[in-house]
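Architecture at a glance
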Amino acid sequence: PHPGAPSGHAAGGVAGRTGGLHALCLELDRQNEALEWYLRAAAEAPYLREPWVELARLLYQREEWDGVLYAAGQALAVQERPRTYICEPEAWGSLPHDLRCQAFYHTGRTALALEEARQALALSPEDGRLRENVELLERQMRHTEASTPY
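Described in the following lines is the structure provided in the data block. Residue numbering note: each chain is counted from 1, following its sequence as written. Local features in a predicted model are, by the rule used here, given only for residues with pLDDT of at least 70; side-chain atom pairs are given and counted only at 80 or more, and totals for whole chains, interfaces and linings are based on all residues. Only hydrogens and water are set aside; all other atoms, that is, all heavy atoms of the structure, feed into the side-chain values.

**Details of helix 7 (residues 128–147)**
Secondary structure elements are defined from DSSP: runs of H or I of at least 4 residues count as helices, runs of E of at least 2 residues count as strands, and each element is numbered from the N terminus. Residue count minus one, scaled by 1.5 Å, sets the expected span of a helix. Between the first and last C-alpha of helix 7 there are 28 Å, a value that for 20 residues agrees with the 28 Å anticipated at 1.5 Å per step. For the exposure calls, accessible area comes from a 1.4 Å probe over protein chains only, and a residue counts as buried if that area is under 20% of its type's maximum, exposed if over 50%, partly exposed in between. Buried within helix 7 are the following residues: L130, N133, V134, L136, L137, Q140 and M141. For helix 7, the angular spread of buried residues about the axis comes to 165°, placing them on one side. Residues of helix 7 that are exposed and point more than 90 degrees away from the buried face comprise E132, H143 and A146. Tucked into the core, helix 7 has its buried residues touching helix 5 (95–106) and helix 6 (110–123). Starting at the helix axis, one direction is taken to each C-beta atom, and the arc is that of these directions. Any pair of residues with heavy atoms lying within 4.5 Å of one another is described as a contacting pair.

Here it is in structure tokens:
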């Protein structure tokens, strides 16, 4: 078994002029075009979390795990939350950590996945899926430690 995945993707996206287009590209299954828009948005506004989170979400859908780690890491590096309409609560919640958890898990880095899962749960303690992810990863870590010869 593996950790439960984040659900869906937010409509809207990064900036007012490109957000709807991002969602439309994804709905039309034009992921390459969406990727171009997300990369452009991240380049134009690297000081915002939202473009990085949307890029990480698309890369997650494409199972490009190292890209997820990079984009979600860039999102988390943005520490100053702007007071604008563009600011999406999801980008400042558990999602960046959740995406990193998934990417670390899928690249065989369970200990790092567990760290991210715990951080995601700390930001959304009421989320049962995140709690189950932490429990699953803790069990896997105990099993791995128990089966490692000394």
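What follows continues from the structure just given.
**As for the environment of V68**
With respect to the helices and strands, the residue V68 is situated in helix 4 (residues 65–77). Along the backbone, V68 and A103 are 35 residues apart, and their C-alpha atoms lie at a distance of 6.4 Å. For V68, the contacting residues outside a window of four places in its chain are A56, L59, Y60, G73, L99 and A103.

**Some words on the packing of aromatic side chains**
Put simply, two rings from Phe, Tyr or Trp (the six-membered ring, in Trp's case) pair if the centres are within 6.5 Å, and we call them stacked under 30 degrees between planes, edge-to-face over 60, tilted for the rest. As enumerated under the stated definition, the model contains two aromatic pairs in all. Arranged with centres 6.0 Å apart and planes meeting at 80°, the rings of W52 and Y70 form a pair that is edge-to-face. Taken together, the residues W52 in helix 3 (residues 49–61) and Y70 in helix 4 connect sequence positions 18 residues apart. Taking the relative accessible area as the measure of exposure, W52 reaches 9% and is therefore buried. Geometrically, the ring pair formed by Y60 and W65 is edge-to-face, given 5.6 Å between the ring centres and 70° between the ring planes. Y60 gets classed as buried once you look at its relative accessible area, which sits at 16%. Look at W65 and you get buried, because its relative accessible area is 15%. In this scheme, Lys NZ or Arg CZ marks a charge over a ring once it lies within 6 Å of the ring centre and within 35 degrees of the ring normal. One cation-aromatic arrangement involves R49 over W92; the distance from NZ or CZ to the ring centre is 4.0 Å.

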